[in-house]
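# Residue-level structure breakdown
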Amino acid sequence: MFELAGKRVFVAGHKGMVGSAIVRRLAREDCEVLTLDRREVDLRDQYAVRAWMTDRRPDAVFMAAAKVGGILANDRYPADFLLDNLLIETAMTAAAHAADVTKMLFLGSSCIYPKMSPQPIPEEALLTGLLEPTNEWYAIAKIAGIKLAQAFRRQYGCDYISAMPTNLYGPGDNFDLGSSHVMPALIRKVHDARTGGGDVVIWGTGTPRREFLYVDDCADACVHLMKHYSDAQHINVGSGEDVTILELTQTVMEVLGHNGRIVHDTSKPDGTPRKLMDGAKLQALGWVPTVSLRDGIARSYEAFLAGQYREAAMDATG
Ligand code: GFB
């Protein structure tokens, strides 16, 4: 048990969807939350990160800073996704060690697993097969992040842990259609079709299956893991249920109250056919999600209408 009460807790990537949800969640803990503006320190700059961290001396760190994006952005900008994420992870991990941070949680992604993994995917599937080509660059960086945490644990005894969330969505998401993930894209497309007319155009065949988790559930799971988990093995964070992209589109249309036609743009990639994660380990630690898919979509739409979103900002894990 790692108590957060009375601790100084640094949330890296606090302006992103996941980081801002972790900050919201930490408001319920009796701890001091530290954040860092990118105009002050670029998290890719190892010297600046080390100087800041050794000056502020946080007790705990949530590593929610990353360059993230949907399938097309991953496919189009492989160098950025690989390099920026490696730089952030190495700078942050080394700085945490230099600053004697007691506990750190690294956030990855379900795309670390082989494209053809057994379903639901157990943590042990890591590095057992080839990755999905559209996001192998991001996946390799995230696998390196897990390995960095494990290496520091092994060599120096650092209490660094890793959580692998499934596809996340919620307030603060990126709604730019060129770089977003599928959920914000569908909310935007259905909203546009409902208010402006026209078809809802979805990418690919609609048959890939994805597991979705509302970002505040993910933040709650991260805090739970920070308090109750300490092991080298990374741990899956999901909702336990997946849907096809076509089913998701229909659900978004129902929640937003739109009845139009769905058409497919098959020039766009499908990506991994399925990536449902096995959540047994997290469940055994006493954590379960609370926000249903429909409720999460309704809340995300409200946030979108209220302007709580970003466009083309691929700057924080999600
Ligand atoms: O969410 P998404 O971009 O990423 O796409 P991945 C999921 C599925 O939705 C794919 C389809 O099969 C897309 O072809 N899709 C349908 C759409 N319509 C759209 C649309 O308008 N926009 C988008 N973006 N997709 C990413 C990885 O994979 O997920 C990252 O590239 C990361 O590395 C992240 O792991 C969580 O689930 O395929």
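Look above for the structure.
Residues numbered from 1 in each chain as written. Predicted model: local features only at pLDDT ≥ 70, side-chain atom pairs only at ≥ 80, totals over all residues. Heavy atoms only, no water.

Turning our eyes to something else, we now look at the sheet that holds strand 3 (residues 60-63). Taken in spatial order, the six strands of this open sheet run 2-1-3-4-5-9, and their pairing is parallel. At either margin of the open sheet sits one strand with a lone partner, and together these are strand 2 (32-34) and strand 9 (235-237). Adjacent strand axes in the sheet meet at a mean angle of 25 degrees when their direction is disregarded. (Pairing = 2+ DSSP bridges. Helix = DSSP H or I, 4+ residues; strand = E, 2+ residues; numbered from the N terminus. Axes fitted to C-alpha atoms, helices over the stretch in contact; angles between N-to-C directions.)

The next subject is unusual backbone geometry. Cis geometry marks the peptide bond from Gln119 to Pro120; its omega dihedral reads -10 degrees. Structurally, Pro120 can be placed in the loop between strand 4 (103-107) and helix 5 (136-156). With a phi close to 50 degrees, Arg57 is a non-glycine residue in the positive phi region. Structurally, Arg57 is set in the loop between helix 2 (46-56) and strand 3.

This brings us to the site of the ligand. Taken together, 22 residues lie near the ligand, and Ser109, Lys189, Arg210, Pro269 and Asp270 sit nearest. Note that an oxygen atom of the ligand is positioned 2.8 Å from one of the backbone N or O atoms of Val182. Lys189 places a polar side-chain atom, nitrogen or oxygen, 2.6 Å from an oxygen atom of the ligand. Elements represented by at least two residues in the shell around the ligand include exactly helix 3 (71-76), helix 6 (182-196) and strand 7 (200-203). The greatest single-element share of the shell around the ligand, amounting to three residues, is contributed by helix 6. (Near = heavy atom within 4 Å. Polar contact = N/O pair within 3.5 Å; in protein donor to acceptor, adjacent residues only side chain to side chain.)

The next thing to look at is the packing of helix 6 against helix 8 (residues 245-256). The geometry of helix 6 relative to helix 8 is characterised by a closest axis approach of 10 Å and an angle of 50 degrees between their N-to-C directions. In terms of orientation, helix 6 and helix 8 fall into the oblique class. Helix-helix and strand crossings are classified by hand; for helix 6 and helix 8 the assignment is right-handed. Contacts from Val182, Met183, Leu186, Ile187, Val190, His191 and Arg194 of helix 6 reach helix 8 at Ile245, Leu248, Thr249, Val252, Met253 and Leu256. Classifying every residue of the contact of helix 6 with helix 8 gives ten nonpolar, two polar and one charged. (Parallel < 35°, antiparallel > 145°, perpendicular 65-115°, else oblique. Left-handed = near helix turned anticlockwise from the far one by under 90°. Contact = heavy atoms within 4.5 Å. Nonpolar A, V, L, I, M, F, W, Y, C, P; charged D, E, K, R; others polar.)

Here we take up the sheet that holds strand 8 (residues 209-214). Spatially, three strands are ordered 6-8-10 in an open sheet, and the strand pairing comes out mixed. Every interior strand has two partners, whereas the edge strands, strand 6 (167-169) and strand 10 (242-244), have only one. On average, each strand axis in the sheet is tilted by 45 degrees relative to the strand beside it, whichever way the strands run. With three bridges joining them, strand 6 and strand 8 adopt parallel strand pairing. When the bridges of strand 8 are listed, Asn167 appears paired with Phe212.

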